[in-house]
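This is what each chain is made of:
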Amino acid sequence: MDFKLSKQHLLQQKLYRDFAEAEIRPIAQEMDETETFSMDLLGKLHKYGLMGIPFSRAYGGSGGDYLGFSLCMEEVSKIDGATGLTMSVHSLACSCIDNFGTEEQKQRFLRPLVDGSKTGCFGLTEPNAGSDAAGQQSKAVLYHDKYTINGTKIFTTNSGFADTFVMFAMTDKSKGIRGISAFLVEKGAPGLAVGPNIRRMGVRASSNCEVSYENVEVPASNRLGKEGDGFKIAMKALDGGRIGIAAQAVGLAQGALNEAVKYAKERKQFGKRISSFQSSQFKIADLQTRIDAARLMTHRAAAARDNGENYSSHAAMAKLFASRMANDVCRECVQLMGGYGYCREYPVERALRDAKITEIYEGTSEVMQMVIAGAMKVF
Amino acid sequence: MKIVVCIKQVPDTSEVKLDSKTGRLMREGVPSIINPDDKSGIEAALRIKEETGGSVAVVSMGPPQADFALREALAMGCDEAYLITAKEFAGSDTFATAKILAGALGKIGFDLIITGRQAIDGDTAQVGPQIAENLNIPQVSYVEDIEVNGCALTVKRQFEDRYHILEVKTPCLLTALSELAPPRYMHVRGTVEAYEKEVQTLGFEDLAGTFDPSCIGLAGSPTSVYKSFGKKPKGAGEMHKNLSADEAVSLIISKMAERHII
Ligand SMILES: Cc1cc2nc3c(=O)[nH]c(=O)nc-3n(C[C@H](O)[C@H](O)[C@H](O)COP(=O)(O)OP(=O)(O)OC[C@H]3O[C@@H](n4cnc5c(N)ncnc54)[C@H](O)[C@@H]3O)c2cc1C
Ligand SMILES: Cc1cc2nc3c(=O)[nH]c(=O)nc-3n(C[C@H](O)[C@H](O)[C@H](O)COP(=O)(O)OP(=O)(O)OC[C@H]3O[C@@H](n4cnc5c(N)ncnc54)[C@H](O)[C@@H]3O)c2cc1C
């Protein structure tokens, strides 16, 4: 067993680190304050191949893997959780097409998403179908060779600027989860309407809106997989996406701890640096240990996926552990920094707000527990 | 046009500290980077290639770890990479380094050589010009802009109080300022492909005959470091308050006399 990153992954990590420091750090706080994602930054993420990391070069992707993707998610989220989210959801949309698209669909839809030209989003959650994603109320009806889609999606990340919407709708209500199908809808389709940004506690820079589909027509060739494959398509994408969210949580925690350590070494009280108190040292040691444990779990899940092994429960455990860890670590980092940590001037305040969502999206912690217990055959 | 960029892997001096006792740089755990001037040389070369065609090779002399710097250059878009490494080369000063690099460059072939103006760890700014002298080709140092017109280049050279616009024919050597071209990032696809390409290694035997072996390595280096030391921090100054102008003047005069300044 070898716990070292390969040289190639180290080179990628250097790219992600250099990019995040130079391109994201200077604007992260402003993006959060103004609740807008920078289109200039989005363009650069595309330009340098960060939006197509684990996708094949045959379709214009970067030709990397999920370990590389998780390194990127960590480095980017160290500086800004919202940028991590933007990349993660784009990647979810891409992986649906990558996993289930026909050759023609990959050329038409996947290529522009991974070669740097277009951005994707993923619409599964509805106002009344969250954890219970099988309770989809959106409907798609086939007539001749066109589907007519009606329904409302909520919390669709990237929807404010996305070009390609991967969305899910019932094609046969009587079949339950086997009645859900996946569709590719393009921006500007008549009847597709994106609502205002939903105001949130954290990851405020990301675009996150309600999306309504009113008699939106798509050709049958825009259906991904067979009729009834929708749930499987969504779950498979989310399995992989969870590796990214675990890495995002690791990044948020490491970013916050780096700031808190820097601060503790400078701040003096009672004539001594805060970092010289043994209670601070022990706390910092514990926090770093937990971050490292989460990172190892994340890399294990990514490596399993890259090696073609079953990774679903590894990914769920990594996300469950890392997201809880990130919330604890960010909260303790604010504590280490006292009142200053609570101020918006310091990025730890933002990291704490951003960390909460990692326990909720791409499956809540409770859903992760269901996946893990299920894999253990505990019924 | 075949462009060859010489790059040196250097410790990131923004993170290097000096050991106050020994006066040595504390290199342990300090990340290595491509020397900043050289990185802007890479960018300039890639832009020329994108505009006028041709190819870009990178060359580095150093220990095997310099491979990482060469891979970064490949990931930015360079076509070929050469690592010049051998135990015989160890301990080379700027004179010897330039001899070896000139020998390697002659083997590799070039229309245009770009080096950095200076390396942030050595800071001598000697290697580029010495390579040009060894190869007997024209050189322009401190280059801030390059324009290609066929087999001639129009370059803007920074000078103390002005610029010089010079025209120079290839083959030639330019030394790049970091202002020449802000470097691009690597592309993720580039990082993957950088490890699919081969970094060609040139050792002592490979370069036999391209330089006089008595001019290289520690033994062949005319310079030797006599002493290196860090600057001592100055002691705190003396404060004299509430003096009249006349008192202040006589105090200053007496202090200067005390130190034999006047
Ligand atoms: C910022 C943000 C971005 C998002 N991005 C996207 C996106 O791009 N695309 C998308 O489709 N969705 C997205 N979502 C939606 C997200 O995936 C859902 O919010 C999440 O799946 C939970 O669904 P819910 O909010 O409806 O909560 P609910 O499902 O209503 O859950 C409420 C609580 O009940 C618990 N619970 C539910 N069922 C059970 C059970 N059986 N046993 C025990 N506990 C249970 C949950 O764990 C949770 O704690 C996003 C959400 C946010 C906030
Ligand atoms: C431990 C140690 C001991 C040393 N001892 C001596 C000594 O005894 N005598 C002495 O004169 N110097 C010594 N040096 C300095 C060392 O030899 C020089 O760093 C080296 O020759 C390059 O000079 P420079 O760094 O000043 O580069 P510069 O001349 O400032 O570099 C200009 C440009 O030349 C190119 N270049 C320089 N070096 C390389 C390289 N290796 N590969 C590819 N391109 C390159 C780059 O493009 C660079 O931007 C020592 C250095 C160290 C770290």
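Above this note sits the structure.
First, a word on scope: everything that follows refers to the structure included in this document. (Residues numbered from 1 in each chain as written. Chains lettered and ligands numbered in written order. Predicted model: local features only at pLDDT ≥ 70, side-chain atom pairs only at ≥ 80, totals over all residues. Heavy atoms only, no water.)

Residues and elements named next belong to chain A. The end-to-end C-alpha distance of helix α7 (residues 278–306) is 42 Å, a good match for the 42 Å that 29 residues give at a rise of 1.5 Å each. Residues of α7 that are buried: S280, I284, L287, I291, A294, R295, T298, H299, A301, A302, A304 and R305. Looking at the buried residues of α7, the elements they touch are α3 (66–79), α4 (81–100), α6 (230–266) and α8 (312–341). (Helix = DSSP H or I, 4+ residues; strand = E, 2+ residues; numbered from the N terminus. Expected span 1.5 Å × (residues − 1). Buried < 20%, exposed > 50% of the residue type's maximum accessible area, 1.4 Å probe, protein only. Contact = heavy atoms within 4.5 Å.)

Oppositely charged side chains can pair when the atoms bearing their charge come close. All names here are of chain A. This model, assessed by the stated rule, comprises 44 salt bridges over all chains. With its nearest N and O atoms 3.7 Å apart, the salt bridge here joins D229 to K232. In this structure D229 comes out as buried when scored by relative accessible area, which is 11%. Look at K232 and you get partly exposed, because its relative accessible area is 48%. If you follow the salt bridges from partner to partner, you end up with D32, E33, E35, R199, R204, R344, E349 and R353 in one network. (Salt bridge = Lys/Arg side-chain N within 4 Å of Asp/Glu carboxyl O.)

With that settled, consider the interface of chain A and chain B. Contact with chain A, which involves 23 residues of that partner, is made by 17 residues of chain B. Here chain A and chain B share an interface that buries about 1,700 Å² over both sides, 67% of which is from carbon and sulfur atoms. The largest contributions to the chain A side of the interface with chain B come from L11(A), Y48(A) and R57(A), which together make up 37% of the buried area. Linking chain A to chain B there are eight residue pairs in polar contact (both at pLDDT 80 or more). Ranked by the residues each element gives to the side of chain A that touches chain B, the list is headed by helix α1 (residues 7–34) of chain A, at 12 residues. Residues that form the side of chain A that touches chain B fall into these classes: nine nonpolar, eight polar and six charged. (Buried area = accessible area lost by both parts, 1.4 Å probe. Polar contact = N/O pair within 3.5 Å; in protein donor to acceptor, adjacent residues only side chain to side chain. Nonpolar A, V, L, I, M, F, W, Y, C, P; charged D, E, K, R; others polar.)

Together, V249(B), I253(B), I261(B) and I262(B) make up an exposed nonpolar region whose accessible area comes to about 400 Å². Checked against the element boundaries, V249(B) lands in helix α7 (residues 245–258). (Patch = residues over 30% accessible without salt bridge, like charges linked within 9 Å, V, L, I, M, F, W, Y side chains within 5 Å. Areas by Shrake-Rupley, 256 points an atom, 1.4 Å probe, with all protein chains shown as cover.)

This brings us to the site of ligand 2. Residue and element names in this part refer to chain B. Close contacts around ligand 2 come from 29 residues, with C6, K8, D38, A119 and T124 the closest. Interatomic distance of 2.7 Å between a backbone N/O atom of C6 and an oxygen atom of ligand 2. Coverage of ligand 2 by the protein amounts to 78% of the 940 Å² it exposes when considered alone. Looking at the shell around ligand 2, the elements with two or more residues in it are β6 (55–61), α3 (94–108) and β8 (112–116). For the shell around ligand 2, the per-class residue count stands at nine nonpolar, 13 polar and seven charged. (Near = heavy atom within 4 Å.)

Bringing the packing of α8(A) against helix α10 (residues 365–375) of chain A into the picture now. Residue and element names in this part refer to chain A. Here α8 crosses α10 at 145 degrees, and the two axes come no closer than 9 Å. Crossing geometry of α8 relative to α10 is assigned as left-handed. Contacts between α8 and α10 involve S312, S313, A316, M317, K319, L320, S323 and R324 from the first element and S365, M368, Q369, V371, I372 and A375 from the second. Here the contact of α8 with α10 is built from residues that sort into seven nonpolar, five polar and two charged. (Axes fitted to C-alpha atoms, helices over the stretch in contact; angles between N-to-C directions. Left-handed = near helix turned anticlockwise from the far one by under 90°.)

This part covers the environment of N149(B). Turning to its location among the elements, N149(B) is positioned in strand β9 (residues 139–149). A polar atom in the side chain of N149(B) sits 2.8 Å from the side chain of T154(B).

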